[in-house]
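Observations on the three-dimensional arrangement
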Amino acid sequence: MAIDGIGAAVRRKEDYRFLTGQGNYTDDISRPNQVHAYFVRAQTAHAKIVRIDTAKAKAAEGVVAVFTGPDMAADAIGGLPCGWLVKNKDGSPMQEPAHPVLALERVRHVGDPIAVVVAETLSQAKDAAELLDIELADLPAVVGLVDALKPGAPAVHAGGNLCFDWHIGDADQVAAAFKNAYKVAKIDLVNNRLIANPMEPRAAVGEYDRATGEYTLFTTSQNPHVIRLLMGAFVLHIPESRLRVVAPDVGGGFGSKIYHYAEEAFVTWAAPKVGRPVKWTAERGESFMSDAQGRDHVTHAELALDKNGKFLALKVNTIANMGAYLSTFAPAIPTYLYATLLAGVYTTPAIYAEVKAVFTNTVPVDAYRGAGRPEAAFLIERIVDIAAAEMGMDRVEIRKRNFIPTNAFPYQTPVALQYDSGDYFATLEGAMKAIDYAGFEARRAAAKKHGKLRGIGISTYVEACGIAPSNIAGALGARAGLYECANVRVHPTGSVTLFTGCHSHGQGHETTYAQLIAERLGIGLDQIEVSHGDTNKIPFGMGTYGSRSLAVGGTAVVKALDKIVDKAKKIAAHLLEAAEADIEFKDGKFTVAGTDKSKSFGEIALTAYVPHNYPLETLEPGLDETAFYDPKNFTFPGGAHICEVEIDPQTGVVKVVDFAACDDVGRVVNPMIVEGQVHGGLAQGIGQALMEECVYDDKGQLRSGSFMDYTMPRADDLPSFKVSTAITLCTHNPLGVKGVGEVGAIGSPPAVINAVVDALKDYGVRHIDMPATPQKIWAIVNGGHRMAAE
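These numbers were taken from a predicted model, which means no experiment stands behind them.

The helix and strand tally for the chain stands at 20 helices and 28 strands. Along the longest, intermediate and shortest principal axes, the C-alpha atoms of the chain span 85 × 75 × 55 Å. By residue count, 62% of the 790 residues in the chain fall in the buried class. Look at the contacts in the chain between residues 6 or more apart in sequence, and 80% of them connect residues 24 or more apart. Carbon and sulfur atoms make up 51% of the accessible area of the chain, which totals about 29,100 Å².

Have a look at this one:
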């Protein structure tokens, strides 16, 4: 193994430039002679656009142009496309209403862009925006998911509020199982709407070169090639050969920077219109009302059990919020990334789920860290705790009794997925040991003496990563491939540049990918550079989301490295006058088996580019290889999270006093990066469980539109996490990796809520919806409305 290769806790190469202020983010980019765009957004959730008078704004100081929806429509500009088509239960297509870049005829949520002022400075653009005379006629708005489906509800679109009515599983089989049930556990729950709030707000700079007819978009994107495809083909109708998309350093995304946004399309379209580069950067308040939001489900679920506590069947009815328009991958989140995970880690033989997706007058909803899998894990782990209470069983025992046995893999679930590997007993035991589960009751008793309420909660989960394969995804509605590409370019001196279609926005790709190369080629990390984010430099790639970067992108790297080594062996055989079959490669050296005759990797690289002694009759010069990888299946990380909380009954404040996470993420390339990814996910999961909630009033006004009203977790809200791994290898990629980026956000919310409910069990509480705020808990403890609804 290379000293800096697979398994080494190498410090991240990219951190030096970030820590020293040398990162290059989109807002850092200033193009010569650029102008600034300011978006005028709807302040009402639903209204008819009666009139927009731009005359005074156009005459204001510094104003270059003012644009509205009709200006773009007159140029035959398309709407923002949806990248996933879901079919209804009867096979008919979902409702897919138009999503204009700038509003046409109506606005449908607070923040919907109506007009754009382009000026010499941002201040001038803002001042001129005040001079726009916009007349809107208010229309009734619908905000609640359940309300959106009621007869007579205000219609967000002409086709009504139902986007699709989708299902999975065998309803008859489930109904038969429920007839024979000994007990039935039931739950009604809400998965609260969240706002991603990455550290860097979105930004975009559009530029047009009149000499070449080429467009360039600099943007805060997790997948620049996807943006180029969607914007070029469907919105602006620009050939991809004339459209370059660059995503430089990106300061976090959590899913919110996957999608194609109106601002990207506008600045690219406007650049040739005004003859100058056009720049836009979101202010934080703007991000709250324009970035795609996450979660937002209302669900009823029932679990049938036999007299021994074995699960017989699960049935689920979920209403999922799409917001006012379909974001890029929104329909996939509550369907193929949610309902297909409802088996969890258990052997439930029959499952049926129905998902109704609705339009409301709110910001569009799409993937947020975990994207469907946290919603599934929360439902499952909450109803399992309720089932344990119904049966009078221990929470650990009921889980173990229903776990998929370690010798049952590959395991086919009743909701389409086939898990390839896992050991849910090992991860649970690891977490229980780390948190001293056996000693909890003593800690509970000690807390009680001090007037505090202690609780402990368990969550055992599985997730699906690296959505694949492309042909199956396509059959299920994906309008893009889900492969990944890597180009490994060996330079004449033996240094290496990797060009990857994945994009790093905090994951540590520049380090992890370099470790893969160091491991395979036996060279130092200082000889390796990783390039990403520029569609002019890299082959077509699908970007970073769904914990796919190592399982999919890393496998593409490995396959390209295999091609490099295969060609290098041929060159070495020629130089060493040996048969190719006799050439061995290890630790950066090509050796003739059984001899001391060898050539270094650097010598082979130089020969490839200076082919004076070279098998030109059979090999081309150069050492540069590309590989594409389309996975055969998802990967399936899993694990167990256990949370211990302490509640102050006088204030209702919940303190997370301990948290243990034992995860199976497959082979670990860099333990330090894995631990950091888990820490980040845990912080977000705890934030959802206890603090974060995007709230609209009944008129569609965003009430949590700033950090004054939207609570984010801080360092002092979190304990020192106890993170460990219990590894089983993925069986269908050569690295054996599974993915780690989302596990913390998937396993933690149910662990926290299960702990809160455990702490409040003496008050008759069986469930509490997220976030479990001090107000909710104080009301329970002090005899207000009790949350024990069932």
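Turning to the pattern of salt bridges, a few remarks are in order. Summed over all chains, the structure comprises 45 salt bridges. Between Glu263 and Arg202 there is a salt bridge whose closest N-O contact spans 3.0 Å. One end of the pair, Glu263, is in helix 8 (residues 262-274); the other, Arg202, is in the loop between strand 8 (183-191) and strand 9 (203-209), with 61 residues separating them in the sequence. Like Glu263, the residue Arg202 is buried in the burial classification. Between Arg373 and Glu742 there is a salt bridge whose closest N-O contact spans 2.5 Å.

Turning our attention to the packing of helix 10 (residues 373-391) against helix 19 (residues 743-759). Close contact between helix 10 and helix 19 brings their axes to 8 Å; oriented N to C, the two are set at 30 degrees. Here helix 19 runs roughly parallel to helix 10, going by the angle between their axes. Helix-helix and strand crossings are classified by hand; for helix 10 and helix 19 the assignment is right-handed. Contacts between helix 10 and helix 19 involve Arg373, Pro374, Ala377, Phe378, Glu381, Arg382 and Asp385 from the first element and Ala745, Ile746, Pro749, Pro750, Ile753, Asn754 and Val757 from the second. Of the residues belonging to the contact of helix 10 with helix 19, the class tally is nine nonpolar, one polar and four charged.

One open sheet accounts for four strands, arranged 21-20-19-25; its pairing is mixed. Edge positions in the sheet fall to strand 21 (528-531) and strand 25 (624-629), since each has one partner strand and no second. Averaged over neighbouring strand pairs, the angle between their axes works out to 15 degrees when direction is ignored. Note that strand 19 (residues 484-490) and strand 20 (residues 496-500) share five bridges and pair antiparallel. Note on strand 20: the bridge partner recorded for Val488 is Leu498. Sheet contacts for helix 15 (residues 509-521): strand 20 and strand 21; angle to strand 21, the most-contacted strand, approximately 135 degrees.

The subject of this paragraph is the nonpolar core. One finds Leu342, Tyr419, Phe659, Leu690 and Val756 to be the most contacted residues of the largest nonpolar core, which totals 134 residues. Excluding residues that lie within four positions of it along the chain, Leu342 makes contacts with Leu314, Val316, Ile351, Ala353, Ala376, Leu379, Ile380 and Val415. Counting residues in hydrophobic clusters, the runner-up holds 50 residues, among them Val530, Ala551, Leu623 and Val737.

With that settled, consider the environment of Phe601. With respect to the helices and strands, Phe601 occurs in helix 17 (residues 601-609). Since its relative accessible area comes to 3%, Phe601 is described here as buried. The sequence separation of Phe601 and Thr340 amounts to 261 residues, and the corresponding C-alpha distance is 46 Å. If we skip the residues at most four places from it in the chain, Phe601 touches Val490, Gly494, Leu521, Ile523, Ile564, Phe585, Gly588, Phe590 and Leu623.

Turning our attention to the domain arrangement of the chain. Taken domain by domain, the chain comprises domain 1 (31-139 + 202-281), domain 2 (297-467 + 633-788) and domain 3 (483-629). The gap between the C-alpha centroids of domain 1 and domain 2 is 37 Å. The interface is formed by 29 residues belonging to domain 1 together with 27 residues belonging to domain 2. The largest share of the area that domain 1 buries against domain 2 comes from Trp84, Phe254 and Tyr259, three residues that together contribute 29% of it. Put simply, domain 1 and domain 2 have one salt bridge between them. With its nearest N and O atoms 2.3 Å apart, the salt bridge here joins Lys89 to Glu354. There are eight residue pairs in polar contact (both at pLDDT 80 or more) connecting domain 1 and domain 2. A breakdown of the residues in the side of domain 1 that touches domain 2 according to their chemical character gives 14 nonpolar, ten polar and five charged.

A word on the side chain of Ser504. With respect to the helices, strands and loops of the structure, Ser504 is situated in the loop between strand 20 and helix 15. Sequence-distant contacts of Ser504, that is, excluding residues within four places in its chain, are made with Glu14, His509 and His532.

What follows covers the sheet that holds strand 4 (residues 106-107). Strand order in the open sheet formed by three strands is 4-2-6, and the pairing between neighbours is antiparallel. What marks the edges here is a single partner per strand, and that holds for strand 4 and strand 6 (133-138). Taken together, the six bridges between strand 2 (residues 47-53) and strand 6 define a ladder with antiparallel strand orientation. Note that in strand 6 the partner of Ile52 across the bridge is Ile134.

Quick notes on the rules
- Residues numbered from 1 in each chain as written.
- Predicted model: local features only at pLDDT ≥ 70, side-chain atom pairs only at ≥ 80, totals over all residues.
- Heavy atoms only, no water.
- Helix = DSSP H or I, 4+ residues; strand = E, 2+ residues; numbered from the N terminus.
- Buried < 20%, exposed > 50% of the residue type's maximum accessible area, 1.4 Å probe, protein only.
- Contact = heavy atoms within 4.5 Å.
- Areas by Shrake-Rupley, 256 points an atom, 1.4 Å probe, with all protein chains shown as cover.
- Salt bridge = Lys/Arg side-chain N within 4 Å of Asp/Glu carboxyl O.
- Axes fitted to C-alpha atoms, helices over the stretch in contact; angles between N-to-C directions.
- Parallel < 35°, antiparallel > 145°, perpendicular 65-115°, else oblique.
- Left-handed = near helix turned anticlockwise from the far one by under 90°.
- Nonpolar A, V, L, I, M, F, W, Y, C, P; charged D, E, K, R; others polar.
- Pairing = 2+ DSSP bridges.
- Core = buried A, V, L, I, M, F, W, Y, C linked by side-chain atoms within 4.5 Å.
- Domains from an automatic or database assignment.
- Buried area = accessible area lost by both parts, 1.4 Å probe.
- Polar contact = N/O pair within 3.5 Å; in protein donor to acceptor, adjacent residues only side chain to side chain.

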